[in-house]
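Structural overview for review
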Amino acid sequence: MPQYDVIIIGGGMVGASLACALSGRGLRIALIEAVELETRREAGYDDRVIALAYGTRRIFDGLQLWGALAADTTPIHRIHVSDRGHFGMVHMDRVEEGLPALGYVVPARAIGRVLAEAVAGIEGLDSYCPATVTAVKRTAAAVEVDMSQEGLMTTLSGRLVVAADGADSPVREQFGIDCTERDYGQTAIVTNITPQLAHNHIAYERFTDSGPLALLPMSDQRCAVVWTVASSQAGSIMELDEAGFIAALQSRFGYRLGRLERVGRRQAWPLRLVQAKETVRERLALIGNAVHTLHPVAGQGFNLGARDVAVLAEVLVDAIDAGEDPGSLQVLQRYADWRVRDHRNVAVFTDGLARLFSLSLPGLGVARSAGMLAFDLVPPAKRLLTRMTMGRSGRTPRLARGLPL
Ligand SMILES: Cc1cc2nc3c(=O)[nH]c(=O)nc-3n(C[C@H](O)[C@H](O)[C@H](O)COP(=O)(O)OP(=O)(O)OC[C@H]3O[C@@H](n4cnc5c(N)ncnc54)[C@H](O)[C@@H]3O)c2cc1C
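Read on for an overview of the structure. (Residues numbered from 1 in each chain as written. Predicted model: local features only at pLDDT ≥ 70, side-chain atom pairs only at ≥ 80, totals over all residues. Heavy atoms only, no water.)

Another aspect to go through is empty space enclosed by the protein. Enumeration over the complete set of coordinates arrives at two cavities of 30 Å³ or more. Empty space within the largest cavity amounts to approximately 70 Å³. Around the largest cavity, the lining residues are Asp46, Asp47, Arg48, Val49, Val190, Thr191, Asn192, Ala224, Arg265 and Gln267. Here the lining of the largest cavity takes three residues from strand β12 (residues 179-195), the largest share from any one element. A class-by-class count of the residues in the lining of the largest cavity yields three nonpolar, three polar and four charged. Reported here for the second largest cavity is a volume of approximately 40 Å³. In terms of lining, the second largest cavity is formed by Glu205, Pro212, Ala214, Val226, Thr228, Pro296 and Val297. Of all elements in the fold, only β14 (211-217) and β15 (223-230) reach the threshold of two or more residues within the lining of the second largest cavity. Looking at side-chain class alone, the lining of the second largest cavity contains five nonpolar, one polar and one charged residues. (1 Å grid on protein atoms, 1.4 Å probe; cavity = no way out; pocket = protein on both sides within 12 Å on 5 of 7 lines; lining within 4 Å. Points joined across faces, edges and corners; volume = space filled by probe spheres on them. Helix = DSSP H or I, 4+ residues; strand = E, 2+ residues; numbered from the N terminus. Nonpolar A, V, L, I, M, F, W, Y, C, P; charged D, E, K, R; others polar.)

Here it is in structure tokens:
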């Protein structure tokens with residue numbers, strides 16, 4: 001039976017990032033992913049994007065991967081938050097933060113390609129893809145992972161299993177870890193548009209009567225649209241023809257960017273909050289969406305997962321250097337303890353925003369506007385929000401300071 005130090009289940013953005021973070025340490029690593037990556041797909045108008053916080057850029061710096069990604073990124077210089085039909089507004093600016101950018105908009109395809117290329121070059125890593133994990137069993141000193149690859153069943157043994165297998169995490173379920181789950185009754189409609197006016201690297205977050213609407217600056221003067229609507233309305237909005245869709249979007253967003261033109265392919269993502277009640281067990285650690293799946297209102301999901309990677313990698317590397325067993329509960333608990341505050345803060349923040357701005361009670365709009373205005377006028381409160389959305393609050397792991405492990 002093949003033996004590994006670490007078996008990572010799930011080779012999405014978070015699992016693949018962890019493999020990169022653990023490279024160069026002489027560890028035997030297995031990375032198991034069910035779906036083959038489409039890394040060779042050409043860039044296109046419809047590219048789906050991820051907004052990376054500045055703190056995540058630092059993690060990619062630490063992983064020595066930012067150089068390979070930089071050409072595909074569009075920096076965010078300013079974030080403009082507003083409430084449709086009300087006067088409140090919040091601005092955040094890179095100049096106030098003394099940074100080159102508040103964050104970056106990057107095609108998910110580009111992140112996948114850069115990670116896949118880096119993973120392919122990791123010494124001591126075996127990549128099993130496409131391969132599906134079917135069972136995970138814990139023994140006294142190891143974990144055994146059964147997987148099916150091209151119809152063949154194989155069992156791997158590891159000192160530690162990391163579940164990076166997404167919101168429905170089969171591994172989390174196998175270990176009997178409960179989670180709290182709430183359906184928002186909302187769906188994110190994602191597409192790209194080209195506005196008449198230049199976006200000037202401003203990200204817009206607009207709270208509308210039907211839910212939050214984000215327009216993020218992209219290359220070629222496109223903007224990525226993440227429009228959250230009640231799930232009961234999503235079907236009819238998805239069915240609108242191009243002119244009807246643009247008109248509906250324009251009426252929610254207004255004319256800050258002039259007329260909205262050319263719209264791309266639309267995709268619908270039903271939204272829910274999933275929070276695992278435990279982050280670690282003996283020989284198991286959960287990272288990324290497997291431990292927290294959030295509302296995309298502030299684009300925090302992958303950013304939070306990247307910070308899981310930075311902290312878990314640091315805890316494991318330090319433990320191994322000190323001669324400790326990386327799968328022991330004692331070691332893994334350090335990761336869980338370090339992450340608990342960030343997990344809770346970001347979940348409360350995104351959940352609160354999603355709920356507050358989805359309600360349309362009489363008087364609430366005015367209260368929200370006053371709150372947003374006050375927020376814009378109180379630098380310490382705004383600074384805290386900015387730091388949190390940029391992933392720069394709390395104790396910072398080495399990778400998030402741009403340093404190698
Ligand atoms: C509309 C929308 C917009 C978003 N925008 C942003 C944004 O701007 N910024 C941001 O930071 N986040 C954003 N997010 C969140 C972000 O997309 C997720 O947090 C992130 O992709 C989670 O990555 P992951 O690797 O943890 O999970 P996943 O991407 O779900 O990866 C899990 C992987 O595990 C594999 N897997 C599952 N089961 C098995 C098995 N049994 N065997 C083998 N492999 C298995 C799957 O194939 C999958 O590849 C957004 C989310 C949505 C819905």
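Next up on the list: the pattern of salt bridges. Within this structure, the stated rule accounts for 22 salt bridges. Residue Asp321 is joined to Arg25 by a salt bridge in which the shortest nitrogen-to-oxygen separation is 3.1 Å. One end of the pair, Asp321, is in helix α9 (residues 301-321); the other, Arg25, is in the loop between α1 (13-21) and β2 (29-32), and 296 residues separate them in sequence. Asp72 serves as the salt-bridge partner of Arg113, at 2.7 Å between the closest nitrogen and oxygen. Highlighted residues: Arg113 in helix α5 (residues 108-120) and Asp72 in the loop between α3 (66-69) and β4 (74-76), separated in sequence by 41 residues. A relative accessible area of 25% places Asp72 in the partly exposed class. Salt bridges sharing partners connect three or more residues here, namely Arg307, Asp308, Arg339 and Asp342. (Salt bridge = Lys/Arg side-chain N within 4 Å of Asp/Glu carboxyl O. Buried < 20%, exposed > 50% of the residue type's maximum accessible area, 1.4 Å probe, protein only.)

Turning our attention to the site of the ligand. Taken together, 29 residues lie near the ligand, and Glu33, Ala51, Asn289, Phe302 and Asn303 sit nearest. Between the ligand and Ala34, the relevant distance is 3.2 Å, taken from a nitrogen atom to a main-chain nitrogen or oxygen of the residue. Take Phe302: an N or O atom from its main chain is 2.8 Å from an oxygen atom of the ligand. Across the complex, the protein chains shield 83% of the 1000 Å² of accessible surface that the ligand would expose by itself. Going through the elements one at a time, α1, β3 (49-53), β9 (132-138), β12 and α9 are the ones with two or more residues in the shell around the ligand. With three residues, α9 is the largest single contributor of residues to the shell around the ligand. Its residues assigned to classes, the shell around the ligand comprises 16 nonpolar, 10 polar and three charged. (Near = heavy atom within 4 Å. Polar contact = N/O pair within 3.5 Å; in protein donor to acceptor, adjacent residues only side chain to side chain. Areas by Shrake-Rupley, 256 points an atom, 1.4 Å probe, with all protein chains shown as cover.)

Here we take up the nonpolar core. Across soluble globular proteins, nonpolar side chains show a tendency to be buried alongside one another. Counting residues in each nonpolar core, the largest one holds 57 residues, and the members touching the most others are Ile8, Leu18, Leu22, Leu69, Ile287 and Leu312. The leading source of residues in this core is α9, at 11 residues. Here Ile8 is in contact with Gly15, Leu18, Ala19, Ile29, Ala30, Leu31, Ile32, Val162 and Ala164, once residues within four sequence places are set aside. Formed by 23 residues, the second largest nonpolar core is a distinct cluster that contains Ile9, Tyr128, Val136 and Phe175. (Core = buried A, V, L, I, M, F, W, Y, C linked by side-chain atoms within 4.5 Å. Contact = heavy atoms within 4.5 Å.)

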